[in-house]
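Analysis of the macromolecular model
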Amino acid sequence: MRLFTATLATETNTFSPLPTSIENYREAVFLRPGEHPTNAPRMCCAPLFVGRARANKEGFELIEGSCFAAAPAGTTNRAGYETMRDEILDQLEAAMPVDGLLLGLHGAMVAHGNDDVEGDIIERARAIAGPKCVIGVALDPHCHLTMKRVSAADIIVLYKEFPHTDVVERAEDVLDLVLATLRGKIRPVTSVYDCRQIQSYPTTIQPMRGLVDRIKAMEGKDGILSVSIAHGFPYGDVAEIGTRVLVIADGDKNKADALAAKLGEELVSLRGKTQPPSLDVAGGVAEGVAFNDLPVVIADPADNAGAGAPSDNTDILRHLIDSKVKNACLGPIWDPIAVRICFDAGLGAKVGLRFGGKIAPSSGQPVDAEVEIIGLKRNARQTFGPAQIPVGDCAAVRVGGVDCVLTTNRTQATGLELFTNLGIDPTQKKIVVVKSTSHFLATYGPIAKKVVYVESSGPLCHDYRKLPYTKVERPIWPLDQDAKPRGLIF
Ligand SMILES: [Zn+2]
C-alpha cells in the first residue's frame, strides 16, 4: 500500500494590506522531500508526520512530497501558487501508482485568479491519482468548504478545536479513515449542510464547548465516522464563504444527511450567540484596570496576524500610555526596523523610538516615545500546542507603565514565551494585551483571572456587515438578517 502526502497552506485574508508571495512561504515552511525534520508537526503539515510515524507498523509506504505554508496574509501571488502546486502534482505523478493521499491543506487559501485553491489542488490530484485512489484531506475549520473540494475528495476532516490544539489528532483521524477505506472496512459517504451564516466559534467557551464534546462522542458509534464543523473564514471574499457541517457516515447516506441537518439547524439557532462580547478600547481597558485581581488578559482580535492582520495597530497601546496604566505588557507589535534599532542601541539603553503603526491606515499612528530597552532575544520561539512558532529577533521596550514586545516575524500571541523570553512575567502583570482572536486562550486562558475582548481599529472588523464583500453568495447572515439556511447541499 502506497500513500502520498504533501502540504500547501495559508489562510488568505483577501482584505489584508499584505500580499503573499512565494518568499513568504520560504520564510515559514518550505520543505522539499528529504528536507522534512524528524519531528515538527507544524499545523497543516501534521499528516506527513503522522503518516511517517505509523507507516512501518501499519504496513504502508509513505511517499513524502513537498510542504509549503505561509503565515496568514493577503492573496497569494498567482505564479508562486502555480509553481508550488505543480511541484506537488509532479511529485504525485512520479509517485504513481498510489493508493491514497494525505493532504494537509488549510482551506481558506486564495490565489490571484483562483478563489478555491484547495478545490483546484484536490481536483488535479484526483485527475492524476485516478478514481480509486482514496483522497484524505485535513483542513482548518476556518475554511471555505466548497462543493468542488467535497466532490473531489473522499475524506475531509477539520480540526474541531479553536484554538487549534487538535491538529495532530485530526491528522490521525484522516489516516485512520483512509486506511480503513483502503482495507475495505468502511465505505465513507459524506453529507454537507449549509447554514448561510458568517460567525466566529471559539470552542473553549460555551455553547461551542458542549457542542464539540457531543460531536466527539458521536464519532465511531452508530455508523458515524467523522463530524466536522466548518466555521468558515470571515475575511475571505469568496462565493462559498460561511458555516457548513460535514458528516461522514459508513455507507448510509440517510444517516449522514440526518445528522448534518440536525447539527446544522443547531448552529443556525446559535446565530449571534457563540462569541464573547467586545468592548471599545477605553471601555475594555477601564474594565481591566477596575478588576481586583491579576492578570487581566485583553485580546485585540482586530489586529490578529493569525488571520492576516499586520499586528502593528497602536490603539490599545496608545490608550494604555495616555491613561498612565501601570504594570501592563503588550505584544506582539510587528516592527522589524524598530527591533533592529533596539539591538543596535543595546540592552538597558534609553532611546527615542518610533514604533508600530506603519503598515496601513488600519495600523493607526506610530508611537513616538522615550523607551528603555529591557529585553533582547534573537531567534525567539513561542509554543502553540505541539508546535514551536518562530517569532524572530525580539525586543522589549518599556514606555511608561507598559512593557511592549516588538518582533521581526509577523505572528500572533500563542505562548507565554512571547513575554518570558524577554524577562517579562505575564502572570505578574495587571494587564496583559495580546494580539490574537482565540489561539491565545490555550496558554493565556489558564493564567487569566479575567479575559476582555477589545475592538481596535485593526483590519479584522468584528462586524462582518462592514466588510466590503463583492463575491459572497447572498443572502447570508448577518449581511442579510433574514437569511434562511440552505440545508443539505451534498
Ligand atoms: Zn483557523
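Here, every reference points to the structure presented above.
Residues numbered from 1 in each chain as written. Predicted model: local features only at pLDDT ≥ 70, side-chain atom pairs only at ≥ 80, totals over all residues. Heavy atoms only, no water.

**Details of the packing of helix α9 (residues 281-290) against helix α10 (residues 315-322)**
- For the pair α9 and α10, the least separation of the axes is 10 Å and the interaxial angle reads 55 degrees. With respect to each other, α9 and α10 are oriented oblique. As for how α9 packs across α10, the hand of that crossing is right-handed. Seen from α9, the contacting residues are V281, A282 and V285; seen from α10, they are D315, I316, H319 and L320.
- Classifying every residue of the contact of α9 with α10 gives five nonpolar, one polar and one charged. (Axes fitted to C-alpha atoms, helices over the stretch in contact; angles between N-to-C directions. Helix = DSSP H or I, 4+ residues; strand = E, 2+ residues; numbered from the N terminus. Parallel < 35°, antiparallel > 145°, perpendicular 65-115°, else oblique. Left-handed = near helix turned anticlockwise from the far one by under 90°. Contact = heavy atoms within 4.5 Å. Nonpolar A, V, L, I, M, F, W, Y, C, P; charged D, E, K, R; others polar.)

**Things to note about the coordination of the zinc ion**
- Around the zinc ion, the protein contributes the donor atoms D140 (OD), D140 (OD), H142 (ND1) and H164 (NE2), at 2.1 to 2.6 Å from the metal centre.
- Bound by four donor atoms, the zinc ion shows angles of 54 to 144 degrees at the metal and therefore irregular coordination geometry.
- Sequence positions of the residues that donate to the zinc ion give the spacing D-x1-H-x21-H. With a gap of 24 residues between them, D140 in the loop between β5 (134-139) and α5 (147-152) and H164 in the loop between β6 (155-158) and α6 (167-182) connect regions that are remote in the sequence. Both residues of the pair, D140 and H164, count as buried. (Donors = N, O, S within 2.8 Å, 3.2 Å for Na, K, Ca; no water. Tetrahedral: all angles 85-135°; square planar, octahedral: opposite > 155°, others 65-115°. Buried < 20%, exposed > 50% of the residue type's maximum accessible area, 1.4 Å probe, protein only.)

**Examining the packing of aromatic side chains**
- Scanning the model with the defined rule gives six aromatic pairs in all.
- Ring geometry for F440 versus Y453: centroids 6.1 Å apart, planes at 65 degrees, classification edge-to-face. In this pair, F440 sits in the loop between β17 (431-434) and α13 (441-447) while Y453 sits in strand β18 (residues 450-454), placing the two residues 13 residues apart along the sequence. Taken individually, F440 and Y453 each receive the classification buried, so the pair is uniform in this respect.
- Connected via pairs of aromatic rings, a cluster forms that spans F233, Y235 and Y464.
- Its end group placed over the ring of W334, R410 keeps NZ or CZ at 5.9 Å from the ring centre. (Phe/Tyr/Trp six-rings, centres within 6.5 Å; stacked < 30°, edge-to-face > 60°. Lys NZ or Arg CZ within 6 Å of the ring centre and 35° of its normal.)

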